[in-house]
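As a plain string of letters, each chain reads:
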Amino acid sequence: MAIDLLLGLQWGDEGKGKIVDVLTKKYDIIARFQGGPNAGHTLEFEGIKHVLHTIPSGIFHPQATNLIGNGVVIDPVIFKQELDNLAPFNIDIKRSLLISRKAHLILPTHRLLDAASELAKGKAKIGSTLKGIGPTYMDKTGRNGIRVGDIELPKWKKTYSALRNKHLAMIGNMKVDLDFDIDQLEENFFAAVAHMKQTIAFIDSEEFLSQAQKSEERILAEGAQGSLLDIDFGTYPFVTSSNTTAAGACTGLGVAPNKIGEVYGIFKAYTTRVGSGPFPTELFDEIGETMGRVGHEFGATTGRARRCGWLDLVALRYAVEINGVTQLMMMKGDVLSGFDELKVCTAYNYRGKTIEHLPYSLNADELKPIYNSFSGWEEDLTIMRDAGELPDSLQKYIAFIEDFVQVPIKIVSVGPDRSQTIFRTTE
Ligand code: GDP
Ligand code: IMO
Ligand code: MG
């Protein structure tokens, strides 16, 4: 059976957690394939809001198995905190959560290196979540990393010490002002590693997934971050350190490209970005401020305010093409209620010429968005449950997007709760 993918098409925080939770009833396995605790995936139901960082968003469905795949990087300390947060909800973790032995570990010194690197960059900093993501993937590709399977080996503490000493020397050489207590950090780390070993089954996940496919199990791969943060196709260097796009699911789970089925692409009805880097449609006025306030645009991982702006259809079409998106999901249209006029970017003025694709550089001094305008709507969408209820202006907004990117919008989300999800039949 083919594996379906669910991916963010912008700069992250599109609402992936919510939609994975909504879709999980149709799946047997939910698998994360890249990223790590830089992700913050929010789910809301029965009046409770949950934020997951490493654990897949199918965890609240007892029938589903949740897999943390080989492409993910895991911080045992944050992972333990996530498990502690889930404790009141009576989830059979031993049965419903598995970790790939090939997933890499984030060490305390990876986090320190992340902070040191950002300090050294000064104004040019990436705006990283400081979770150690970049340094951990650097050790992975540099062939120095420590994997989950290593902690089952007798010599693991030796391997750990060698890498930790190398990191401490690197931090020393960077000559930045960084305060830390390595003994305390290590005490927490080793306690969390022991807890992880006791609580969770480590598996050879590519074999597990291959068997699952043969037994016709339905699998959904849950992306983290968004396509514009992809290490190759995002706004480099202001990106994360993994492939957030569809190809990342193949390498991050051990799935062949010809086994991919539906590719669900999620986007917000406007755009947000947290951290540094170019953002052509960013708004610095009252409209942007209203989007942030009404949409509660604060990072689920860091609490930082998200930058807000109009929907960028050129960037959306780019993400749709790179990922081979087959169905779209539009989130947070409810946040746009009450604006007289809405704008979407349909082309750029780039170095004095009009272009309709995403160029190499998105720097503000070379590139200006060209907009189409739409009339807004007044209605409160959060109480709507049926596609027929959606206001005409919103229907026009949706039809324009579908026509521009040539992919149907199958879900319109009108609020953070599981129930605030409208399925559209577009055939
Ligand atoms: P993720 O990282 O893609 O899972 O997204 P986040 O959880 O970081 O951010 C999405 C935020 O929007 C969360 O606070 C969600 O609860 C919220 N959210 C999701 N869908 C909707 C929606 O349709 N309307 C509104 N108002 N909020 C939503
Ligand atoms: P989810 O899965 C939004 C951003 C950071 C920073 C850049 C690099 O919740 O959508 P990193 O810590 O990865 O080295 O940071 O990427 N970033 C995210 N922005 N949502 C995320 O995840 C993000 N994960 C990383 O803000 O700009
Ligand atoms: Mg998020």
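Above this text sits the structure in question.
Residues numbered from 1 in each chain as written. Chains lettered and ligands numbered in written order. Predicted model: local features only at pLDDT ≥ 70, side-chain atom pairs only at ≥ 80, totals over all residues. Heavy atoms only, no water.

### Some details on the coordination of the magnesium ion (ligand 3)
Put simply, a metal with four donors set out as a tetrahedron has ideal angles of 109.5 degrees, and one with six donors set out as an octahedron has ideal angles of 90 or 180 degrees. The line we're drawing: Excluding water, the donors of a metal are its N, O and S neighbours within 2.8 Å, or within 3.2 Å for Na, K and Ca, and that exclusion means sites may look incomplete. Think of it this way: any DSSP run of H or I at least four residues long counts as a helix, any run of E at least two long counts as a strand, and we number them from the N terminus.
The magnesium ion (ligand 3) binds to the protein through Asp 13 (OD) and Gly 40 (O); the donor distances cover 2.1 to 2.2 Å. You can see Asp 13 sitting in the loop between β1 (3-8) and α1 (16-23) and its partner Gly 40 sitting in the loop between β2 (29-32) and β3 (41-45), a full 27 residues away along the chain.

### Some details on the site of ligand 2
In plain terms, the rule: By convention in these notes, a residue is near a molecule or strand provided one of its non-hydrogen atoms lies within 4 Å of it. Between N or O atoms, a polar contact is any pair within 3.5 Å; within protein, one atom must be a potential hydrogen donor and the other a potential acceptor, and residues adjacent in sequence are included only when both atoms are from side chains. Computed by Shrake-Rupley with a 1.4 Å probe, the accessible areas treat only the displayed protein chains as cover when residues are assessed.
Around ligand 2, a shell composed of 21 residues is seen, among which Asp 13, Lys 16, His 41, Thr 129 and Thr 240 lie nearest. Between His 41 and ligand 2, the recorded distance is 2.7 Å, taken from a side-chain N or O atom to an oxygen atom. A distance of 3.4 Å is found between an oxygen atom of ligand 2 and a backbone nitrogen or oxygen belonging to Gly 127. Notes on ligand 2: free accessible area 550 Å², of which the protein chains cover 97%.

### Here we look at the site of ligand 1
Let me state the cut-off plainly: Residue polarity follows a fixed list, in which Ala, Val, Leu, Ile, Met, Phe, Trp, Tyr, Cys and Pro are nonpolar, Asp, Glu, Lys and Arg are charged, and the others, Gly among them, are polar.
Surveying the vicinity of ligand 1 reveals 20 residues, the closest of which are Gly 15, Lys 16, Thr 42, Asp 334 and Ser 413. A distance of 2.7 Å separates an oxygen atom of ligand 1 from a polar atom in the backbone of Lys 16. For ligand 1, whose free accessible area comes to 580 Å², the fraction covered by protein is 94%. At the level of secondary structure, the elements contributing two or more residues to the shell around ligand 1 comprise α1 and β3. Along the lines of polarity and charge, the residues of the shell around ligand 1 split into 5 nonpolar, 7 polar and 8 charged.

### Describing helix α5 (residues 133-141)
The cut-off we apply is this: Any residue under 20% of the maximum accessible area for its type is buried, any over 50% is exposed, and the rest in between are partly exposed; the area is computed with a 1.4 Å probe on protein chains only. Any two residues having at least one pair of non-hydrogen atoms within 4.5 Å are treated as being in contact.
Along α5, the residues classified as buried are Ile 133, Gly 134, Pro 135, Thr 136, Tyr 137 and Asp 139. Looking at the packing, one finds that the buried side of α5 touches β6 (73-74), β8 (104-105), α4 (108-121) and α6 (156-174). Just downstream of α5, Arg 143 is the residue with a positive phi angle, here 65 degrees.

### Considering the sheet that holds β1
Quick reminder of the rule: At least two bridges found by DSSP between two strands are what make those strands a pair. Structural elements are reduced to axes, namely lines fitted to C-alpha atoms, with helices fitted over the stretch in contact, and the angle between N-to-C directions of any two is expressed from 0 to 180 degrees.
Strand order in this open sheet of 10 strands is β9-β7-β5-β2-β10-β1-β11-β15-β19-β20, and the pairing throughout is mixed. Whereas interior strands pair on both sides, the edge strands pair on one side only; in this sheet they are β9 (201-203) and β20 (421-423). Taking each pair of neighbouring strands and ignoring which way they run, the sheet shows an average axis angle of 25 degrees. Strand direction decides the pairing type here: strand β15 (residues 327-331) and strand β19 (residues 409-413), joined by 3 bridges, are parallel. Following the sheet pairing, Met 329 is matched in β19 by Ile 411. The strands touched by α1 are β1, β2, β10 (219-222), β11 (260-268), β15, β19 and β20; relative to β1, the strand with the most contacts, the crossing angle is about 155 degrees. Here helix α9 (residues 246-253) sits on the sheet and contacts β1, β2, β5 (65-68), β10 and β11; the angle it forms with β1, its principal contact strand, is near 125 degrees.

### Re the pattern of salt bridges
For clarity, the cut-off: In the sections that follow, a salt bridge refers to a side-chain nitrogen of Lys or Arg positioned within 4 Å of a carboxyl oxygen of Asp or Glu.
Under the counting rule described, the total for this entry stands at 17 salt bridges. Taking the shortest distance from any N to any O, the salt bridge between Asp 75 and Arg 111 comes out at 3.1 Å. With a gap of 36 residues between them, Asp 75 in the loop between β6 and α2 (76-86) and Arg 111 in helix α4 connect regions that are remote in the sequence. A salt bridge links Glu 152 to Arg 101, with the nearest nitrogen and oxygen atoms 2.7 Å apart. Of this pair, Glu 152 sits in the loop between α5 and α6 while Arg 101 is found in the loop between β7 (97-100) and β8, placing the two residues 51 residues apart along the sequence. According to the relative accessible area criterion, Arg 101 is partly exposed, its value standing at 26%. Sharing partners across several salt bridges, the network here consists of Asp 13, Lys 268, Glu 297, Arg 306 and Lys 332.

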